[in-house]
There are 2 protein chains.
Amino acid sequence: MTTPTPARIPTSPASTAAALFRRPFVAGRPGGRPATALRARPAAATELVERSVNTIRFLAVDAVEKANSGHPGLPMGCAPLGHVLFDEFLRFNPTNPGWFDRDRFVLSAGHGCMLHYALLHLAGYKGVTMDDLKAFRQWGSRTPGHPENFETAGVEVTTGPLGQGFANSVGLALAEKHLAARFNKPDFTIVDHYTYVILGDGCQMEGVANEAASLAGHWGLGKLIAFYDDNHISIDGSTDIAFTEDVLARYEALGWHTIWVKNGNTGYDDIRAAIKEAKEVKDKPTLIKVTTIIGYGSPNKASTHSVHGSALGSKEVEATRKNLLWPHEPFHVPDEVKSHWGHHLDEGASLEAEWNAKFAEYEKKYQQEAAELNSIISGELPSEWDKALPTYTPESPADATRNLSQQCLNALAKVIPGFLGGSADLASSNMTLLKMFGDFQKDTPEERNIRFGVREHAMGAICNAIALHSPGLIPYCSTFFVFTDYMRAPIRLSALCGSGVIYVMTHDSIGLGEDGPTHQPVEQLFSLRAMPNILVLRPADGTETSGAYRLAVINRQRPSILALSRQKLPQLEGTSVEGAAKGGYVISDNSLGNKPELILIGTGSELEIAAKAADELRKEGKCVRVVSLICWELFEEQSEEYKESVLPCDVSSRISIEAGVTLGWEKYVGQKGKAIGIDRFGSSAPAGKIYKELGLTVENVIATAKSL
Amino acid sequence: MTTPTPARIPTSPASTAAALFRRPFVAGRPGGRPATALRARPAAATELVERSVNTIRFLAVDAVEKANSGHPGLPMGCAPLGHVLFDEFLRFNPTNPGWFDRDRFVLSAGHGCMLHYALLHLAGYKGVTMDDLKAFRQWGSRTPGHPENFETAGVEVTTGPLGQGFANSVGLALAEKHLAARFNKPDFTIVDHYTYVILGDGCQMEGVANEAASLAGHWGLGKLIAFYDDNHISIDGSTDIAFTEDVLARYEALGWHTIWVKNGNTGYDDIRAAIKEAKEVKDKPTLIKVTTIIGYGSPNKASTHSVHGSALGSKEVEATRKNLLWPHEPFHVPDEVKSHWGHHLDEGASLEAEWNAKFAEYEKKYQQEAAELNSIISGELPSEWDKALPTYTPESPADATRNLSQQCLNALAKVIPGFLGGSADLASSNMTLLKMFGDFQKDTPEERNIRFGVREHAMGAICNAIALHSPGLIPYCSTFFVFTDYMRAPIRLSALCGSGVIYVMTHDSIGLGEDGPTHQPVEQLFSLRAMPNILVLRPADGTETSGAYRLAVINRQRPSILALSRQKLPQLEGTSVEGAAKGGYVISDNSLGNKPELILIGTGSELEIAAKAADELRKEGKCVRVVSLICWELFEEQSEEYKESVLPCDVSSRISIEAGVTLGWEKYVGQKGKAIGIDRFGSSAPAGKIYKELGLTVENVIATAKSL
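Reading guide: rules and limits
- Residues numbered from 1 in each chain as written.
- Chains lettered and ligands numbered in written order.
- Predicted model: local features only at pLDDT ≥ 70, side-chain atom pairs only at ≥ 80, totals over all residues.
- Heavy atoms only, no water.
- UniProt positions renumbered as here; feature names shortened; annotations may be inferred.
- Helix = DSSP H or I, 4+ residues; strand = E, 2+ residues; numbered from the N terminus.
- Buried < 20%, exposed > 50% of the residue type's maximum accessible area, 1.4 Å probe, protein only.
- Lys, Arg positive; Asp, Glu negative; His and termini not counted.
- Salt bridge = Lys/Arg side-chain N within 4 Å of Asp/Glu carboxyl O.
- Contact = heavy atoms within 4.5 Å.
- Expected span 1.5 Å × (residues − 1).
- Least-squares fit on C-alpha atoms with pLDDT ≥ 70 in both.
- Phe/Tyr/Trp six-rings, centres within 6.5 Å; stacked < 30°, edge-to-face > 60°.
- Lys NZ or Arg CZ within 6 Å of the ring centre and 35° of its normal.

- For chain A, an unreviewed UniProt entry supplies the name transketolase and the organism Lolium multiflorum.
- Heading Sequence similarities (unreviewed entry) of the UniProt record for chain A holds this comment: "Belongs to the transketolase family."
- The UniProt entry for chain A carries this comment under Catalytic activity (unreviewed entry): "D-sedoheptulose 7-phosphate + D-glyceraldehyde 3-phosphate = aldehydo-D-ribose 5-phosphate + D-xylulose 5-phosphate".

Written out as structure tokens, the structure is:
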């Protein structure tokens, strides 16, 4: 099996933004807020709305029935909200799902994805055809069981694991607020879109949602509008059994504006009024609790958990058709519904054309800003950006890779317009502050240091969304390496959905010392190496740290984990940026003909130990090679010839040294080699003492070498 | 390196409870709530209180200074609260830290552990001597950098990773409420203790804390009293930069009673009044916000983040001594303070004696209940408990291991008094309901099905605490296997602190089918195998499922992960409970003399594929062995002879098959063997289709065998 890079959603090709500027000027309102931005579209006649709503309901029912798998309950309950939002409020261009200034929509309750697929289909997105709906949840289809941005154009983020999509929506709204603050001008509102999200009871219960909501309130994300599908049912039955808090009161405590739509089933005007009210509240995010009936229309299953996650069954489908006066065949879209939704194609094209025209004007007046924004929209990096990364020699002073990392972060933020990020309340330990910028805050959203508070989980999810908002936004986020455990779910989603977040993870071993085993990672390196489509980079010194950042920036469709030391490390002889790019390479060798007697393999802070042990062994006349295996994933991607040139098959005397578990090292040391590591939890003591007690020493490497 | 089993805290030896009952009857109040239960002890004179408070402050300051590492800020700010709580309210017996009916205290802001160590020392706990305080954060000391229950008697749970301790406190309070409801009688209040917890701003920001608080409010845990150390400072500076929500309003929305002590620095009477009020509120947990000054007394560093996590430095220590009128040498405990605290030894002994006497009476009147409670207190399992586990033959019908798991759970709950647990809103998918019990709820706390809602992270932390509350409480908890990612932090703490939680993780592979890659674990098996001190068990059929549960129950000081299938699996020929206990064993072989031509190794749902492939290959005359590697950790613990008898070194033709990443399998298949697995994310489609597309088939095993 190989690990394919996930396909990118077909957003604008990289050159689109540039190409657009070459288009002839189209008449329109060149500057200021366009009249359409806040205005809702005229609503269709209620009868037509109801037909559209039932179309959505039955597309979901029929697709789930055909797949005999899926979640009909949410689409049936939320179809009214879905219709009103998409048809009357959401600004998008179906023929270019990646249009930069579109409103963002996230279905955090991702199991209800047939709602989204049905809406995308009706709205004219070419990526969701009737055949796609009929292939719901089948191998190779564009309509998977949960929304996946890399499969379906029009899906912004990958959701399903509960709470993630809601936290993503906070990230999308943050990105908008940041870009608007940086690029809008008194005479040009060039960044101006809303973020809408639907979340259910399940999302509300997840801790990550509270973390994200607390941040959204703190940041005053006024253009974030969340719909809470309050249907009183989760998988185990009534929410009475586990979820009886006052959700709206909680959100008010978190600084949100709240609205309650008591009849989400037929109260179209209430839904409309709520969205209008929410859009007018500029200084706070809004939570609209929409009380709905899950499985609305199903005479025997509505309002029960049995409609949540299973097909209705043919008998109940028939009963539902009768109940909702829907005599049509499966997958039927009435002509008048089709025709009504058709206007979104033209309108979407006009919206984008209007915006393009405005951007062309903007570009004339604000060249520098337009160039930066263009880079963010297109994802094209400035030429020679990597020349900004610091360089080192073996004479450079010893330093912790977390400090060297800060030099890289600051160098990159200077040359990459979309580079921003922060730490989960450990900025001064993780060394992540961008010195030339202030804090992204409610009243200073143009700044680039994000203060996440002690909220690792939301931090990861927010960064995933920042990266997916625009190809040129490159978010980094940071905490102690051991606390990747708190954010494993969003890290996995980064890897799955191709979101190139840079995870700056410091204090990467027992080398952090006295804080003890709760803070000392030992299994985290491997647990992340096991994850597909992610780079785990453990640089050994300044040169490798710069090399690691270069790789992290280049890899826009897979995330990177940088495991960095708290403790000082010397600049090593033989490390290189080019070597790092291959994942593994020889940093020193006194053998000839690719036949060393012994290969010592190290990563990160233990590469120094390998190098020192080699020096000692060479003094005794041994032919020893030292290999830095900074990134296993990249090394595995090299040619067999290259790998053989670094780790020749014939050389079975191999020792690895890494301050983490040894499981997995068999891959490189083989059955005759030996892995030196830590197959237990750490301990609270000064770092040097722990290294010594656990045998991560030059002496132990030498003794092990002699025992082989 | 080997993985030592963490030492258990020296609680009562297993036989203590039984021994106690043999003691002569001691005069006292045999039944009913003792007068001391709600009464605070008389407070010392204010001057003495202040001396005691400053003693605590300077023990913390001096220990951090000596270690040149640690967190003086919290102990300096919370010393008044610590003194009042421990000296006037907390019920404990210093000479038996494991006395069953003690109040539980948790320092969720674990970095402030010198507060707890100082209090334990003053209170007379022998596990924390003056020498221990002087060895703070040193190798081998009983005063590690964060509180560890397995190192320090008097520490209930292991904290440090923020939010965990608070969620633990919810689990401790749940355990008390459950046991009280089951065992108290109108004439005997035999279970009656409070749970106190201190949490800081960092804990409050973590999502897990909100999850746990929502559950505590829902369950009405009236005997849980949480102190929120509101000092307005976190590591990055003022909480203004990331945490501006209204915390008390949030807790009110979650169903808590709230109190604000505005002067936590010198307002002793306010602290006392708040605790008294909180104890009187029976139907809701209470959050007492105690506004303090971090680093109180330090003239130049108080109220700044610099006092949070570093030694003050000798100059500032001196200035603080001057400021607080504390002329003493480092580590000084004034005689009058020592003498005052001395009374806790006698009082603690009396409290326990009184309780023992009451229990002796109770035992006479309620034999059955006393036997059950005794089993819970001592951790002694009923004899032949494991005979209750279901047995199967190859003729038993095929079934999903999640269903077989439910048979085991129900069998165990019948015979083990302390067996209880539940799922994170997936009970009907995880198959975790105990059929003979109802739901643990606010008004039915005697029941054993816990409804965690969609709160995996809190679920894990709550179960850790249930297990640590009493040796005989055996909690299980459940979600989809992929969502171990949401609860990795508490799983790690289970492993670190020796909490024998049973993690029932169903839908353990792409075999779950249509829900797609967000729900399909591929790297989770390996990422958990990398964790020290945890058993990852992946049973293949009913026999192995029973075997896995037997192991999970026996291993009280290391947690177990049971990875269970959604899909049906046949009962296999050759599987056994005894084999499972060895971690790996031969289920079939047609070779002689321990010399098979080929070894096929499978786990869980793929063992069937290995067995079928072997059947086919044997038809062609091959000598093939099939090995079930249900638990790598246990297999590694077997003798070299045993391992050689299963996987003889000389046989290099080996194929593993497992529906997960192949990284790590080099350990068993070697460099000449081949691991069949999934080194990518899964896909949304029917399970059989995915298995086929990804090559997890009998045909592929056969083809691979022929290619070796």
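**Regarding the side chain of Lys 289 of chain A**
Residues and elements named next belong to chain A.
Alright, step 1. Looking at the element boundaries, Lys 289 is found in strand β7 (residues 286-291).
Alright, step 2. Here Lys 289 occupies a buried position and makes no salt bridge, while the nearest side chain of opposite charge, Asp 230, is found at 4.1 Å.
Alright, step 3. Leave out the neighbours within four places in its chain, and Lys 289 touches Tyr 228, Asp 230, Leu 248, Ile 259, Trp 260 and Val 261.

**Let's talk about the UniProt feature "binding site: substrate" (unreviewed entry) in chain A**
Alright, step 1. According to UniProt, the feature "binding site: substrate" (unreviewed entry) maps to His 71, His 308, Arg 402, Ser 429, His 507, Asp 515, His 519 and Arg 566 of chain A in the numbering used here. Across 496 residues, the annotated set is spatially dispersed, with a maximum C-alpha separation of 47.8 Å.
Alright, step 2. Mapped onto the fold, Asp 515 of chain A is located in the loop between β13 (502-506) and α19 (524-529).
Alright, step 3. The exposure class of Asp 515 of chain A is buried, given its relative accessible area of 16%.
Alright, step 4. In this structure, Asp 515 of chain A is in contact with His 71, Arg 137, Gly 145 and His 146 of chain B, ignoring residues within four places of it in sequence.
Alright, step 5. Secondary-structure assignment places His 519 of chain A in the loop between β13 and α19.
Alright, step 6. Residue class for His 519 of chain A comes out buried when judged on its relative accessible area of 6%.

**Side note on helix α10 (residues 268-280) of chain A**
Alright, step 1. With 13 residues, α10 of chain A extends 19 Å from end C-alpha to end C-alpha; this agrees with the ideal 18 Å at 1.5 Å per step.
Alright, step 2. On its buried face, α10 of chain A sits against α2 (46-67), α3 (73-89), β2 (195-200), β3 (224-230), β6 (257-261) and β7 of chain A.

**Some thoughts on helix α13 (residues 343-365) of chain B**
Alright, step 1. Its 23 residues give α13 of chain B an end-to-end C-alpha distance of 33 Å, which sits within 8% of 33 Å, the value for a rise of 1.5 Å per residue.
Alright, step 2. Listed in full, the buried residues belonging to α13 of chain B are His 344, Gly 348, Leu 351, Glu 352, Trp 355, Asn 356, Ala 357, Lys 358, Phe 359, Ala 360 and Tyr 362 of chain B.

**Thoughts on the relation of the copies chain A and chain B**
Alright, step 1. When chain A is fitted onto chain B, the two copies agree to an RMSD of 0.0 Å after a turn of 180 degrees and an axial shift of 0.0 Å. Here the transformation between the copies is reduced to the relation of a two-fold axis.
Alright, step 2. Here 100% of the contact residues of chain A are again contact residues in chain B; the copies associate through an equivalent surface.

**Structural notes on the packing of aromatic side chains**
Alright, step 1. Evaluated as defined, the whole model comprises 54 aromatic pairs over all chains.
Alright, step 2. Ring geometry for Phe 86 of chain A and Phe 92 of chain A: centres 6.2 Å apart, planes at 50 degrees, overall tilted. Of the two residues, Phe 86 of chain A and Phe 92 of chain A, both sit in the buried class.
Alright, step 3. Ring centres 6.3 Å apart and planes at 65 degrees place the aromatic pair Phe 635 of chain A and Tyr 642 of chain A in the edge-to-face group.
Alright, step 4. Connected via pairs of aromatic rings, a cluster forms that spans Phe 526, Trp 632, Phe 635, Tyr 642, Trp 665 and Tyr 668 of chain A together with Phe 526 of chain B.
Alright, step 5. Positioned above the aromatic ring of Tyr 194 of chain B, the side-chain terminus of Lys 223 of chain B is 5.4 Å from the ring centre.
Alright, step 6. Above the plane of the ring of Tyr 194 of chain B lies Lys 279 of chain B, whose end atom (NZ or CZ) is 4.8 Å from the centre.

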